[in-house]
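As a plain string of letters, each chain reads:
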Amino acid sequence: MGIKGGASTMQDSGTARFSFNMERSEDAKELMMQVLDALQEKGYNPINQLVGYFMSGDPTYITNYKGARGIIRRMERDELLEVIVREYCEHLADT
């Protein structure tokens, strides 16, 4: 079954598998850097604001400053989360 944004799931012996299109990884990194910069410049805690956005889907957790709200909406939340989780896991593997 397909998921919006180029990701898909497959069922295998009761466990759902998630597959993601890796082509947009660099786009996601650049997007996140711009959003983080805008949140920090406006004095927000970026982690809190991003968690609010990812959990609720409400873009008002992201400031309009420097167009950050529009920037973060250029990609689906699941695509952004996939990049964040992958980067975190790779960082753990390197330590």
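Reading guide: rules and limits
- Residues numbered from 1 in each chain as written.
- Predicted model: local features only at pLDDT ≥ 70, side-chain atom pairs only at ≥ 80, totals over all residues.
- Heavy atoms only, no water.
- Core = buried A, V, L, I, M, F, W, Y, C linked by side-chain atoms within 4.5 Å.
- Buried < 20%, exposed > 50% of the residue type's maximum accessible area, 1.4 Å probe, protein only.
- Helix = DSSP H or I, 4+ residues; strand = E, 2+ residues; numbered from the N terminus.
- Contact = heavy atoms within 4.5 Å.
- Phe/Tyr/Trp six-rings, centres within 6.5 Å; stacked < 30°, edge-to-face > 60°.
- Lys NZ or Arg CZ within 6 Å of the ring centre and 35° of its normal.
- Polar contact = N/O pair within 3.5 Å; in protein donor to acceptor, adjacent residues only side chain to side chain.
- Expected span 1.5 Å × (residues − 1).
- Arc of directions from axis to C-beta.
- Axes fitted to C-alpha atoms, helices over the stretch in contact; angles between N-to-C directions.
- Parallel < 35°, antiparallel > 145°, perpendicular 65-115°, else oblique.
- Nonpolar A, V, L, I, M, F, W, Y, C, P; charged D, E, K, R; others polar.
- Patch = residues over 30% accessible without salt bridge, like charges linked within 9 Å, V, L, I, M, F, W, Y side chains within 5 Å.
- Areas by Shrake-Rupley, 256 points an atom, 1.4 Å probe, with all protein chains shown as cover.
- Salt bridge = Lys/Arg side-chain N within 4 Å of Asp/Glu carboxyl O.

(A) Spotlight on the nonpolar core. Ranked by internal contacts, the top residues of the largest apolar core, which has 16 residues, are L31, V35, L50, I62, I72 and L80. By residue number, the principal contributor to this core is helix α1 (residues 25–41), which donates six residues. Setting aside anything within four residues of it in sequence, one finds I62 in contact with V35, L39, Q49, L50, Y53, A68, R69 and I72.

(B) Layout of the packing of aromatic side chains. Tallied over the entire structure, the rule returns one aromatic pair. With a centroid separation of 5.5 Å and an interplanar angle of 55 degrees, the aromatic rings of Y53 and F54 are classed as tilted. Comparing Y53 with F54, the two get one shared label, buried. The cationic tip of K42 hangs over the ring face of Y65; the distance from NZ or CZ to the ring centre is 5.2 Å.

(C) Main features of the side chain of R86. With respect to the helices and strands, the residue R86 is situated in helix α4 (residues 77–94). Separated by 2.8 Å, the side chains of R86 and E82 make a polar contact.

(D) How the structure looks around α1. Under the 1.5 Å per step criterion, the end-to-end length of α1 is 24 Å for 17 residues, consistent within 8% with the ideal 24 Å. All of the buried residues in α1 are S25, A28, L31, M32, V35, A38 and L39. Each buried residue of α1 sits inside an arc of 150 degrees when the element is viewed along its axis, so together they form one side. With respect to the buried face of α1, the exposed residues turned more than 90 degrees away are E26, M33 and Q40.

(E) Broad picture of the packing of α1 against α4. Between α1 and α4, the shortest axis-to-axis distance is 9 Å and the interhelical angle comes to 90 degrees. By the angle between their axes, α1 is roughly perpendicular relative to α4. Contacts between α1 and α4 involve S25, A28, K29, L31 and M32 on the former and, on the latter, L80, V83, I84, R86 and E87. Grouping the amino acids of the contact of α1 with α4 by side-chain chemistry returns six nonpolar, one polar and three charged.

(F) Local environment of the side chain of Q49. Along the polypeptide, Q49 turns up in helix α2 (residues 46–56). With residues near it in sequence (within four places) discarded, Q49 still touches L39, Y44, Y61 and I62.

(G) A look at unusual backbone geometry. Its identity is not glycine, yet K66 carries a phi of approximately 60 degrees, on the positive side. Within the secondary structure, K66 is located in the loop between α2 and α3 (68–72).

(H) Quick look at a nonpolar patch on the surface. Among the surface-exposed residues, I47, V51 and M55 lie close enough to one another that they form a single nonpolar patch of about 350 Å² accessible area. Within the secondary structure, I47 is located in helix α2.

From the geometry alone we can't say anything about function, so treat these as descriptive.
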